[in-house]
Amino acid sequence: MAKQWTAQEVLDFSRSYQPACILTAAAALDVFTPLHAKPMTAGALAGVLDTDPRATTILLDALAALQFLSKQGEEYSVSEDVAELLSEQSADNVLPMLRHISNCLGRWAQLPKVVKTGKCAETSPSVRGTEADREAFIGGMNNISRPIAAGVIDKIQPTGFRHMLDVGGGPGTWSIAFLRAAPQARVTLFDLPEVISIAGRQFARAGLTDRVRLVEGDFYTDALPEGADLIWLGAICHQNSRQQNRNLFSKVHTAIADGGAAIIRDVVMDPSHTSPPGGALFAINMLVGTEAGGTYSFDEYKEDLNAAGFDDVTLIHQDEFMSSLIRAEKT
C-alpha cells in the first residue's frame, strides 16, 4: 500500500538535509579534534580553525542542539564517545567518510540541473583542497568497508584461491581482508598512481607488504595484470555505464586464468530498479557524480558478463545495499 503523506511530513522530509549539512561542515572544518584536546570558547576555536567567530558560534550552538557537543557557559566540549568517531586523535574516526559525504552534498544540491541537462554536477575543491578530498574519498571507502569485509568474505569462501587481482582496490581494505582469510594466497592491487601510495601505507601497517604487488594503472585505458585465479571488482561497476562494464569485464576475462572466477561486490537491483531503496538512492549519487554510472539488476549484470565471455554467472548473496555478490566463472 502506498504511503499517505501529510503536508507536514512532506515539509519535514524536505528539511532533513539540515542536520547532515551541519555535521558534515563540522567534519570538513575539523571542529571536533581541537575540542577533544580541551574545551574551548567559540572565539578560541575560531582562532584555531581560522574561521569567522560569529559563524563558528552559530555552528557550535547547532552542534550542541544536535547533541554532538556540550555547552557550559561559553565553552564547548565533546564527549569521549563522540570524539571516538569524530576526532582525528581517534584511530576509529569516520571523518574521511563524513568529508566525502560533505563533497557529495554539493553535487546532490545540483540535482534539478543534472536532470534537466543529463550532465553530472559541476565540482570544485572543498575548503580542504583537492588532495585532501581525494584522501577523504579513499579513507571513506576504508571507513565503510573495514567493519564488514570479513563477514562478506565469509559468504564466498575464498580460501581456495592462490592469487587475487583487486581491480581499483583503493586503500587495500578488501585485499587485506582476503589475505587474512587465505594465508596461502597473494594479491595484486591495481589502481591509479595517487591511490597506490595510500594502499602501500595500509599494507605496511597490516604487516602484509611481502604478500602484495602494487601495480599502477587505469582500468579504463590499460590492460589488467594477468594470471590471477580470482579477480575482485569491489564497488567498481556502479561508476560505469553498462558498455563501460562490458569493456571492463572483457579485460577481466582476458586477464583471469582459465578455471578462475571474477566476483562483483555491488548494489544489485530488482528488475524495476526501485528496490532495494538504498540502491535507487545510490543511483542518484551516480547520476550527479559520474558521467554514466548507475545501479544494475542481476539480469543486466549477467547479460554483460555473458557478452564478455563468462559462462556460469550466479548471484551468490543478495544484500540490501552494496554487498550483493555475483560470481562469474571462466571455463
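Our structure is the block above this text.
Overview of the structure. These numbers were taken from a predicted model, which means no experiment stands behind them. (Residues numbered from 1 in each chain as written. Predicted model: local features only at pLDDT ≥ 70, side-chain atom pairs only at ≥ 80, totals over all residues. Heavy atoms only, no water.)

1. Remarks on the pairing of strand S6 (residues 212-216)
Applicable threshold: Strands were regarded as paired on the criterion that DSSP finds at least two bridges between them. Helix and strand definitions follow DSSP, with helices as H or I runs of at least four residues and strands as E runs of at least two, each counted in order from the N terminus. Crossover handedness is defined by viewing with both strands directed away from the observer: a clockwise path from the first strand over the helix to the second marks the crossover as right-handed.
With 5 bridges connecting them, strand S5 (residues 186-191) and S6 associate as parallel partners. When the sheet's bridge partners are listed, Val 187 is paired in S6 with Val 212. Taken together, S5, helix H12 (residues 193-206) and S6 form a β-α-β motif whose crossover is right-handed.

2. Re the pattern of salt bridges
When the charged atoms of two side chains with opposite charge come close together, those side chains can pair. Rule in force here: By salt bridge we mean one thing: a side-chain nitrogen of Lys or Arg within 4 Å of a carboxyl oxygen of Asp or Glu. Each residue's exposure class comes from its accessible area (1.4 Å probe, protein chains only) as a fraction of the maximum for that residue type: buried when under 20%, exposed when over 50%, partly exposed otherwise.
Under the counting rule described, the total for this entry stands at 14 salt bridges. In this structure, Glu 300 engages Arg 242 in a salt bridge whose closest nitrogen and oxygen atoms are separated by 3.9 Å. Here Glu 300, found in helix H15 (residues 298-307), pairs with Arg 242, found in helix H13 (residues 242-255); they are 58 residues apart in sequence, far enough to count as distant. In this structure, Asp 258 and Lys 330 form a salt bridge, with 3.7 Å as the shortest nitrogen-oxygen distance. Of this pair, Asp 258 sits in the loop between H13 and strand S8 (261-266) while Lys 330 sits in the segment after strand S12 (324-329), and the two are 72 residues apart along the sequence. In this structure Lys 330 comes out as buried when scored by relative accessible area, which is 11%. One continuous salt-bridge network, built from bridges that share partners, spans Arg 242, Arg 246, Glu 300, Glu 303 and Asp 304.

3. Considerations on the environment of Leu 29
As a reminder of what qualifies: Contacts: residue pairs with any heavy atoms within 4.5 Å of one another.
Take Leu 29: it is sitting in helix H2 (residues 17-29). For Leu 29, a relative accessible area of 31% translates into the label partly exposed. Distance from Leu 29 to Ser 102, taken between C-alpha atoms, is 11 Å for residues 73 residues apart in sequence. Beyond its immediate stretch of four places on either side in the chain, Leu 29 contacts Leu 49, Thr 51, Leu 59 and Val 127.

4. Describing the sheet that holds S12
Strand pairing in a sheet takes place through backbone hydrogen bonds and is either antiparallel or parallel in direction. Cut-off, in case you're wondering: Axis angles are defined between N-to-C directions and span 0 to 180 degrees, where every axis is a line fitted to C-alpha atoms and, for a helix, only to the segment in contact.
Spatial strand order, S6-S5-S4-S7-S8-S12-S11: 7 strands in an open sheet with mixed pairing. A strand with exactly one partner marks an edge of an open sheet, and here the two such strands are S6 and strand S11 (312-317). For this sheet, the mean angle separating the axes of adjacent strands, direction not counted, is 20 degrees. In the sheet, strand S7 (residues 230-234) pairs with S8 via 5 bridges, with the strands oriented parallel. Bridging across to S8, Trp 232 finds its partner in Ile 263. Strands S5 and S6 of the sheet are contacted by H12, whose axis makes an angle of about 165 degrees with S6. Contacting S8, S11 and S12, H15 runs over the sheet at an angle of about 145 degrees to S11.

5. Brief notes about H12
What counts is decided by this rule: Expected span of a helix, by definition, is 1.5 Å for each gap between consecutive residues, and there is one gap fewer than residues. The arc in question is the one spanned by the directions pointing from the helix axis to the C-beta atoms.
Relative to the 20 Å expected for 14 residues at 1.5 Å per residue, H12 spans 20 Å between its end C-alpha atoms, a close match to the ideal helical length. Burial in H12 covers these residues: Val 195, Ile 196, Ile 198, Ala 199, Gln 202 and Phe 203. Looking straight down H12, one finds its buried side chains confined to an arc of 165 degrees; they lie on one side. The elements touched by buried residues of H12 are helix H9 (130-145), helix H11 (173-181), S5 and S6. In the segment just after H12, Gly 207 is the residue with positive phi, at about 70 degrees.

6. Some details on the packing of aromatic side chains
Remark: the centre distance and the inter-plane angle together describe each pair of aromatic rings, the angle taken between the planes. Heads up, the rule is: Each Phe, Tyr or Trp ring, with Trp reduced to its six-membered ring, pairs with another whose centre is within 6.5 Å; inter-plane angles below 30 degrees give stacked pairs, above 60 give edge-to-face pairs, and intermediate values give tilted ones. Look at NZ for Lys and CZ for Arg. If either is within 6 Å of the ring centre and within 35 degrees of the ring normal, a charge sits over the ring.
Per the stated rule, a full pass over the model turns up 7 aromatic pairs. Relative to Tyr 220, the ring of Phe 219 lies with its centre 4.6 Å away and its plane at 45 degrees, an arrangement referred to as tilted. With a centroid separation of 5.7 Å and an interplanar angle of 85 degrees, the aromatic rings of Phe 282 and Phe 321 are classed as edge-to-face. Pair noted here: Phe 282 is in helix H14 (residues 277-289) and Phe 321 is in the loop between S11 and S12, with a separation of 39 residues, a long-range link. A relative accessible area of 35% places Phe 321 in the partly exposed class. What links up through ring pairs into an aromatic cluster is the set Phe 161, Trp 174, Phe 178 and Trp 232. Across the ring face of Trp 5, the terminal group of Lys 3 is positioned such that the distance to the ring centre comes to 4.9 Å.

Interpretation in functional terms is not warranted from these geometric data alone.
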